[in-house]
Amino acid sequence: MLDRDHVITAKNLSRADIETVLDRAAAIERDPPSRERHAGRLLGLCFFEPSTRTRMSFEAAIKRLGGDALDMGPVASSSATKGESLADTVRVIEGYADALVLRHPSEGAATMASEFVDVPLLNAGDGAGQHPTQTLLDLYTMRENAGGLTDLTVGIMGDLKYGRTVHSLAYALTKFDASQHFVSPESLRLPRSVRYDLHEAGAQVREHEDLDAVLDELDVLYVTRIQRERFPDENEYRQVAGEYRIDAETLDRARDECIVMHPLPRVDEIAPDVDATEHAHYFEQAHNGVPVRMALLDLLLDDSDETDAADATDDTSTTDATDAADATDDSANGGDR
Amino acid sequence: MSERDDHELRISKIQDGTVIDHIAGGHAPDVLAILEIGSSTDEVVSVGMNVPSDRLGYKDVVKIEGRELSQDEVDVISLIAPAASINIIREYGVAEKHRVERPAVVEGVLSCPNHDCITTEGEPVVSQFEVLDDGVRCAYCETIVRKHLTEHISV
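Throughout, residues of each chain are indexed from 1 in the direction in which the sequence is written. Working convention: letters from A go to chains and numbers from 1 go to ligands, in the order in which they are written. Two thresholds apply to this predicted model, a pLDDT of at least 70 for residue-level local features and 80 or more for giving and counting side-chain atom pairs, whereas whole-chain, interface and lining totals are computed over all residues.

Draft legend 1. Quick peek at the overall build of chain A. Each helix is a run of DSSP H or I of at least 4 residues and each strand a run of E of at least 2, with the numbering of both proceeding from the N terminus. The helix and strand inventory of chain A stands at eleven helices and nine strands. Every one of the 337 residues in chain A was classed for burial, and the buried ones make up 47%. For chain A, the proportion of contacts with a sequence separation of at least 24, taken over those separated by at least 6, is 74%. Whether a residue is buried, exposed or partly exposed is read from the other C-beta atoms within 10 Å of its own C-beta, which are placed from the backbone; 20 or more gives buried, 12 or fewer gives exposed, and intermediate counts give partly exposed. Two residues qualify as a contact pair if the distance between their C-beta atoms, derived from the backbone, is within 7 Å.

Draft legend 2. Expanded view of the overall build of chain B. Helix and strand counts for chain B stand at three helices and nine strands. When the helices and strands of chain B are read in sequence order from the N terminus, they spell out α-β-α-β-β-α-β-β-β-β-β-β. For a compact globule the rule gives 2.2 Å times the number of residues to the power 0.38, and the radius of gyration it is set against comes from C-alpha atoms. Relative to its length of 155 residues, chain B is compact, with a C-alpha radius of gyration of 16 Å against a globular reference of 15 Å. Taken along its principal axes, the extent of the C-alpha atoms in chain B is 50 × 30 × 25 Å. Evaluated residue by residue, chain B yields a buried proportion of 34% over its 155 residues.

Draft legend 3. Representation of the packing of helix α5 (residues 132-145) of chain A against helix α6 (residues 164-175) of chain A within the structure. All names here are of chain A. For the pair α5 and α6, interaxial distance at closest approach is 8 Å and the crossing angle is 60°. Considering their axes alone, α5 and α6 lie oblique with respect to each other. In this structure, the crossing between α5 and α6 has a hand that is right-handed. On α6, the residues that touch Pro132, Gln134, Thr135, Asp138 and Leu139 of α5 are Thr165, Ser168, Leu169 and Ala172. When residues are grouped by polarity, Ala, Val, Leu, Ile, Met, Phe, Trp, Tyr, Cys and Pro land in nonpolar, Asp, Glu, Lys and Arg in charged, and all others, Gly among them, in polar. Of the residues in the contact of α5 with α6, the class split is four nonpolar, four polar and one charged. A fitted line through C-alpha atoms serves as each axis, taken over the contacting stretch for helices, and the angle formed by two N-to-C directions is quoted from 0 to 180°. Angle categories are assigned with fixed cut-offs, so that under 35 degrees is roughly parallel, over 145 is roughly antiparallel, 65 to 115 is roughly perpendicular, and the rest are oblique. In this scheme the handedness of a crossing depends on how the near helix is turned from the far one: anticlockwise by less than a right angle means left-handed, clockwise means right-handed.

Draft legend 4. Region of the structure containing the pairing of strand β7 (residues 128-132) of chain B. All names here are of chain B. Taken together, the three bridges between strand β6 (residues 105-107) and β7 define a ladder with antiparallel strand orientation. For Val106, the partnering residue across the bridge sits in β7 and is Phe129. Sheet topology places β7 next to strand β8 (residues 135-138); four bridges connect them, and they run antiparallel. Bridging across to β8, Glu130 finds its partner in Arg137. We call two strands paired when DSSP finds no fewer than two bridges between them. Between β7 and β8, which follow one another and run antiparallel, lie two residues.

Draft legend 5. Focus on the nonpolar core. In terms of nonpolar packing, the biggest core is built from 123 residues, with A:Cys46, A:Leu100, A:Leu102, A:Val220 and A:Leu297 touching the most fellow members. Aside from chain neighbours lying at most four places away, what touches A:Leu100 is A:Gly44, A:Cys46, A:Val90, A:Ile93, A:Glu94, A:Val117, A:Val119 and A:Leu121. Under the definition applied here, buried Ala, Val, Leu, Ile, Met, Phe, Trp, Tyr and Cys residues are grouped into a nonpolar core through C-beta atoms within 7 Å.

Draft legend 6. Spatial organisation of the domain arrangement of chain A. All names here are of chain A. The domain boundaries assigned to chain A delineate domain 1 (10-127 + 288-314) and domain 2 (133-286). Domain delimitation in this document rests on an assignment produced automatically or drawn from a domain database. One C-alpha centre belongs to domain 1, the other to domain 2, and the line joining them spans 26 Å. Each partner contributes to the interface: domain 1 provides 17 residues, whereas domain 2 provides 19 residues. Secondary structure elements with two or more residues in the side of domain 1 that touches domain 2: α1 (15-30), β4 (121-126) and α11 (289-332). In terms of residue count, α1 provides more of the side of domain 1 that touches domain 2 than any other element does, five residues in total. Residues of the side of domain 1 that touches domain 2, tallied by class, amount to ten nonpolar, three polar and four charged.

Draft legend 7. Inspection of the sheet that holds strand β9 (residues 144-145) of chain B at higher detail. Residues and elements named next belong to chain B. Read from one edge of the open sheet, four strands run β6-β7-β8-β9, paired in antiparallel fashion. Since the sheet does not close on itself, it has two edges, and those belong to β6 and β9, each with one partner. Pairing of β8 with β9, which is carried by two bridges, proceeds in the antiparallel orientation. The partner of Val136 across the bridge, within β9, is Val145.

Draft legend 8. Spotlight on the environment of A:Asp275. Relative to the assigned elements, A:Asp275 resides in the loop between β9 (259-261) and α10 (282-287). A:Asp275 sits 87 residues away from A:Leu188 along the chain, and the two C-alpha atoms are 26 Å apart.

Draft legend 9. Broad picture of the domain arrangement of chain B. Residues and elements named next belong to chain B. The assigned domain composition of chain B is domain 1 (3-99) and domain 2 (105-152). Between domain 1 and domain 2, the C-alpha centre-to-centre distance is 25 Å. On the domain 2 side, the residues contacting the six residues of domain 1 number six residues. When residues of the side of domain 1 that touches domain 2 are traced back to their parent elements, those giving at least two are α2 (28-34) and α3 (71-80). Of the residues forming the side of domain 1 that touches domain 2, the biggest block, four residues, is contributed by α3. Residue classes in the side of domain 1 that touches domain 2 are distributed as four nonpolar, no polar and two charged.

Draft legend 10. Geometry of the sheet that holds strand β2 (residues 68-71) of chain A. Residue and element names in this part refer to chain A. The parallel open sheet is built from four strands, whose spatial order is β2-β1-β3-β4. Edge positions in the open sheet fall to β2 and β4, since each of these has one partner strand only. Taken pair by pair, the neighbouring strands of this sheet meet at an average axis angle of 20°, ignoring direction. In this structure, strand β1 (residues 42-47) lies alongside strand β3 (residues 99-104), joined through five bridges in parallel fashion. Directly across from Phe47, in β3, lies its bridge partner Arg103. Where helix α3 (residues 86-94) meets the sheet, it contacts β1 and β3, and its direction lies at approximately 155° from that of β3.

Draft legend 11. Expanded view of the confidence of the model for chain A. For every residue, the predictor reports its confidence as pLDDT, a number between 0 and 100. Confidence in the prediction for chain A averages 89 pLDDT; 88% of positions are at 70 or higher. For residues 315-337 of chain A, every residue scores under 50 in pLDDT, and the model assigns this stretch two contacts once sequence neighbours within four places are set aside.

Draft legend 12. Here's a closer look at the pairing of strand β1 (residues 17-24) of chain B. Residue and element names in this part refer to chain B. In terms of residue burial, β1 counts as a mostly covered element, since seven of its eight residues are buried. Here six bridges tie β1 to strand β3 (residues 57-65), and the two strands are oriented antiparallel to one another. Its bridge partner lying in β3, Gly17 is registered against Glu65. The pairing of β1 with strand β4 (residues 85-90) spans five bridges and is classified as antiparallel. Counted as the bridge partner of Gly17 is Ile89 from β4.

Here it is as structure tokens:
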């Protein structure tokens, strides 16, 4: 059903892939599947970095589909502390689970890990790289609340350099021809590799240092946290933190229909007084993690069922052919059996 | 004095092997590094550096006795010496002459400069870079490297 075995980067998700997942998520919300749908299926959770929403929503998703989750637990209690490579870890856990979810602090970790496993692997964040399943729930939230995904004008503000949710979202929005406005201090601009890709893809992109330059045009304002843990230098963090905060008064200058999103957790970049406004959609966005991840797992586990069935058919044919050949050989050798 | 006369004075002809000509001046050591020719090599190697050149102004030349380069080796040389020509020598004559062509991908030759890239962490994985028009890009973390490529050669 999906045109891929793993979900590693939003760049490689086609528009059709995205729409397939979002349609399935909408169907799941309208008509939740039976708890028997994927009974007995196990999802391996390999989180080498802290997580609340992603980890719990994946666990909720597989359980609501009738399966269960196997959680590697904290890194401190895993074999990684003994020096085991990530490649070995995923090869081991692959033997216990039908699909793997990986979060790792190193960029490219999911790409590498996917080369070592045959079960579907979902990237739940690789350092400052990508977070494609977050993007799927972001798009789902936009589609449900901003009147669809075509012709959107989206402002993305905050830590664009280290924010993996931003990188994935930018790739995905490009596939829907969105007009994208990136608002950040100079030091936190989108990484060169992402700007290169957006340019190559012909994306409509503008960069700003001041939100007011674009706020009144936006259908969506996507705010991200200035991430302390991504800064090697505390002084650099302090210098830029706090410059990109919004409150209810800020949103007086936005269109009434503009929705405000945030991948959470927030610190103080969205003031609590925004929560009570019609603009706020970030908690709904977090809740959408469950139906969207249910949809994704449903599709990937269906695909792996089909692959298993095809393999079984192939195995049978091979066995039959081999047996027939063996019989012929025995006859040719003149054996009396 | 012509360019050809100039090299003949400086570096003798080889019987069989490879001559890598038209390397940008100063980059011969990088070519040697790519070919894993270091101070402990027992191969017969001649190097000319900053030789006057009509085409490049100054160029480097590397001659290797008894070794014909593979296509993979030529591909990697193309990253740092896009103007180079490769002459395969047999019995003192040029048996084949090729201009280098940039490959789509290079594997195991460059190390990623991004310290947060998974390929820098001792995992059992060979580095892989997509070759762009004006640089290379890590296939894992997607970091783009445009300058000082030779600083990242890991062979």
